[in-house]
Amino acid sequence: MDNRRRNPLIGLFSHAIDSNRGRQVRYVSTRGEAPELGFLDVLLTGLARDGGLYIPREWPQFSKKEIRSWRGKTYQDIAFAVLTPFVNGEIEADELKRMIDEAYATFRHPAVAPLVQTGANSYILELFHGTTLAFKDVAMQLLARLMDHALAVRNQRATIVGATSGDTGGAAIDAFGGRDRTDIFILFPHGKVSPVQQRQMTTSEHKNVHAIAVNGTFDDCQDLVKAMFNDIKFRDRMQLAGVNSINWARIMAQIVYYFTSAISLGGPDRKISFTVPTGNFGDIFAGYAAKRMGLPISRLVVATNENDILARTLKTGRYEMKGVKATTSPSMDIQISSNFERLLFEVYDRDPAKVRSAMDGLKQSGAFEIEKKALAAIAKDFRADRVSEAQVAKTIKNTLAETGYLLDPHSAIGVFVANKQEKPKAPMVTLATAHPAKFPLAVESACGIAPALPSWLTGLMQREERFEVLDADIKTVEAFIAQNARIKS
Ligand SMILES: Cc1ncc(COP(=O)(O)O)c(C=O)c1O
Ligand SMILES: N[C@@H](CCOP(=O)(O)O)C(=O)O
């Protein structure tokens, strides 16, 4: 039966679906040695079985006419149009729409991701109106519903493992807590997240939630998660699934707000630039994906803290690990930016052998060089800069004094770098990735104001904590998960 006759929702966006009809979005691994998958498999797979990351075999395309027709539509409607080709008919349209509506009903702002003007051509895209006050909620609330749906359809359960430098963990625990088909284990670096972030992970009352404080850094946590996925026996036995941005569905959901914000500012008939506080390269890669799908984007600007591996790489072409230092933007205290592998795959014209060779170099010597042609391709779309701790504090203070806007340290990194760009003709949108109340000490020391938590988090700091402290050792972590997950061998 023709879907459009059966379902009025499809009629609403039939032109968008028409342009992608016949282009079955399948997913391939950046390392080229794992099977090609459809959407539900990619959703439940996490890391590819060859250690790579899944990415659409072809980018869905939207014409300017199609994008223009989304003007005046809600965030939810645009999400439905943008996500439909990725889901590729594996979820009924009305089911997908229901999940999108439910996910964004948890947001405290009717626009979901509102834009605030802070200068003649400068805007802030507020991505922190979800339950845990960070941009991670945007994707995580949808991901939990998509996974629940996929597991129910297949009558399966999953053991979710995730690594966090502070925000992914809280968002995932909020979204997956109490869900019957999943147990969730979140690894965070012990003593290296903010007190609010820690309590968002350690005070859940749900039995399926397990917070693990790892004696190590975020990179150690991320390595452990990848090692568990690469331990094929353990992965299959525990039916592992991932909630980090290694999971394509996370990136997919983040693509939407590039479209909604650009459309509000006159897109697609005007190019827009974006500055993105960056750590694992997931959020800015979602912007790159939006561009590849037809959204006119002028520039994508990477903004890092003093852990500046990406800013160095984009300048020199050498990706080189140098050790992580603790900053006032702990969620970006990251060295190995997982999603950079997806960009490498693109700029190496999708040659997985080149990606494998770069990743081998990283594993063996902590570094790799990017070929000149690929670096030039990166330079066409991206700019990058780093921000010192003193500059973060000064940006919070000055932005408050000049515009009345209170930034969190991560968003301040974006604003500093955006302000440093030569004055572009295109409007510059800086992504505000967290609410200042998640980092009250850093914000107060920068500007004298300690932002209060919103009402739904009242009492968070007094609740009893429950977490395990473990060494950064794969055997120890796997043993803990095997003992506590409801899936047994
Ligand atoms: C508040 C905040 N800002 C920025 C980032 C960086 O985003 P990405 O890792 O997608 O580059 C993170 C963590 O990922 C974060 O939690
Ligand atoms: N900053 C992140 C790090 C993990 O990133 P992800 O996007 O891959 O989940 C965090 O807050 O945990």
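Per an unreviewed UniProt entry, the protein chain goes by the name Threonine synthase and belongs to Rhizobium setariae. In its Pathway (unreviewed entry) section, the UniProt entry covering the protein chain states "Amino-acid biosynthesis." Per UniProt, the comment on the protein chain under Sequence similarities (unreviewed entry) is "Belongs to the threonine synthase family."

Undergrad: Sorry if this is basic, but what is going on with the site of ligand 1 here?
TA: The full set close to ligand 1 counts 15 residues, and Lys136, Asp167, Gly279, Asn280 and Thr433 are the nearest of them. Between ligand 1 and Gly282, the relevant distance is 3.2 Å, taken from an oxygen atom to a main-chain nitrogen or oxygen of the residue. Notes on ligand 1: free accessible area 380 Å², of which the protein chains cover 98%. If you map ligand 1 onto the pockets, it falls in the largest cavity.

Undergrad: Would you mind showing me how to read the site of ligand 2 here?
TA: With respect to spatial proximity, 13 residues lie near ligand 2, and among them Thr164, Asp167, Thr168, Asn244 and Ser245 are the closest. At 2.9 Å from an oxygen atom of ligand 2 is found a side-chain nitrogen or oxygen belonging to Lys136. The contact in question runs from an oxygen atom of ligand 2 to an N or O atom on the backbone of Ser165, over 2.8 Å. For ligand 2, the protein covers 95% of the area, taking 340 Å² as the surface of the free molecule. The cavity where ligand 2 resides is the largest cavity. Residue classes in the shell around ligand 2 are distributed as two nonpolar, eight polar and three charged.

Undergrad: When you look at unusual backbone geometry in this model, what are you seeing that I'm missing?
TA: With glycine set apart, most residues show a phi of negative sign, and most peptide bonds adopt trans. The amide bond that connects Gly267 to the next residue, Pro268, takes the cis arrangement and shows omega of 5°. Mapped onto the elements, Pro268 comes out in the loop between helix 13 (248-264) and strand 9 (272-277). In this model, Asn88 sits at a positive phi of 55°, which is unusual for a non-glycine residue. Overall, the relative accessible area of 18% leaves Asn88 in the buried class. Positive phi is not limited to glycine here, since Phe281 has a value of about 70°. Counting through the fold element by element, Phe281 comes out in the loop between strand 9 and helix 14 (282-292). In this structure Phe281 comes out as buried when scored by relative accessible area, which is 1%.

Undergrad: Explain the UniProt feature "modified residue: N6-(pyridoxal phosphate)lysine" (unreviewed entry) in the protein chain here, please?
TA: Per the UniProt record, the feature "modified residue: N6-(pyridoxal phosphate)lysine" (unreviewed entry) sits at Lys136. Here Lys136 is to be found in helix 8 (residues 136-154). Relative accessible area serves as the criterion here: at 14%, Lys136 is assigned to the buried category. Apart from residues no more than four positions distant in its own chain, Lys136 is found in contact with Asp167, Thr168, Ala171 and Arg250.

Undergrad: Explain the packing of aromatic side chains to me, please; I cannot follow it from the model alone.
TA: To describe a pair of aromatic rings, you give the distance between the ring centres and the angle between the ring planes. Counted under the stated rule, the structure contains 19 aromatic pairs. An angle of 55° between the planes, with centres 6.0 Å apart, marks the rings of Trp59 and Trp248 as tilted. Residue Trp59 is located in the loop between strand 2 (54-56) and helix 5 (64-68), and its partner Trp248 is located in helix 13; the two are separated by 189 residues in the primary sequence. Summarising the aromatic geometry, the rings of Tyr258 and Phe274 are spaced 4.8 Å apart at their centres and angled 70° between planes, so their arrangement reads as edge-to-face.

Undergrad: What exactly am I supposed to notice about the packing of helix 19 (residues 389-403) against helix 20 (residues 409-420) here?
TA: Each pair of packed helices can be summarised by the angle the axes make with each other and by the distance between the axes. Between helix 19 and helix 20, the least distance of the axes is 9 Å, while the angle of their chain directions is 85°. On the basis of their axis angle, the class for helix 19 and helix 20 is roughly perpendicular. Residues Gln391, Val392, Thr395, Ile396 and Thr399 of helix 19 touch helix 20, and the partners they reach there are Pro409, Ala412, Ile413, Val415 and Phe416. Taken together, the residues that form the contact of helix 19 with helix 20 break down as seven nonpolar, three polar and no charged.

Undergrad: Quick question: what am I supposed to make of the pairing of strand 14 (residues 428-432) here?
TA: Within a regular beta strand, the side chains point alternately toward one face of the sheet and then the other, so they alternate between its two faces. Taking burial as the measure, the five residues of strand 14 include five buried ones, the bulk of the element. The side-chain alternation of strand 14 yields two buried faces, one formed by Met428, Thr430 and Ala432 and the other by Val429 and Leu431. For strand 4 (residues 122-126) and strand 14, the ladder comprises five bridges, and the chain directions are parallel. Residue pairing across strands places Ile124 opposite Thr430, the latter belonging to strand 14. One ladder, built from three bridges, connects strand 9 with strand 14; its direction is parallel. Within strand 14, the position partnered with Phe274 by the bridge is Val429.

What counts and what doesn't
Residues numbered from 1 in each chain as written. Chains lettered and ligands numbered in written order. Predicted model: local features only at pLDDT ≥ 70, side-chain atom pairs only at ≥ 80, totals over all residues. Heavy atoms only, no water. UniProt positions renumbered as here; feature names shortened; annotations may be inferred. Near = heavy atom within 4 Å. Polar contact = N/O pair within 3.5 Å; in protein donor to acceptor, adjacent residues only side chain to side chain. Areas by Shrake-Rupley, 256 points an atom, 1.4 Å probe, with all protein chains shown as cover. 1 Å grid on protein atoms, 1.4 Å probe; cavity = no way out; pocket = protein on both sides within 12 Å on 5 of 7 lines; lining within 4 Å. Sits in = over half its atoms within 2 Å of the grid points. Nonpolar A, V, L, I, M, F, W, Y, C, P; charged D, E, K, R; others polar. Helix = DSSP H or I, 4+ residues; strand = E, 2+ residues; numbered from the N terminus. Buried < 20%, exposed > 50% of the residue type's maximum accessible area, 1.4 Å probe, protein only. Contact = heavy atoms within 4.5 Å. Phe/Tyr/Trp six-rings, centres within 6.5 Å; stacked < 30°, edge-to-face > 60°. Axes fitted to C-alpha atoms, helices over the stretch in contact; angles between N-to-C directions. Parallel < 35°, antiparallel > 145°, perpendicular 65-115°, else oblique. Pairing = 2+ DSSP bridges.

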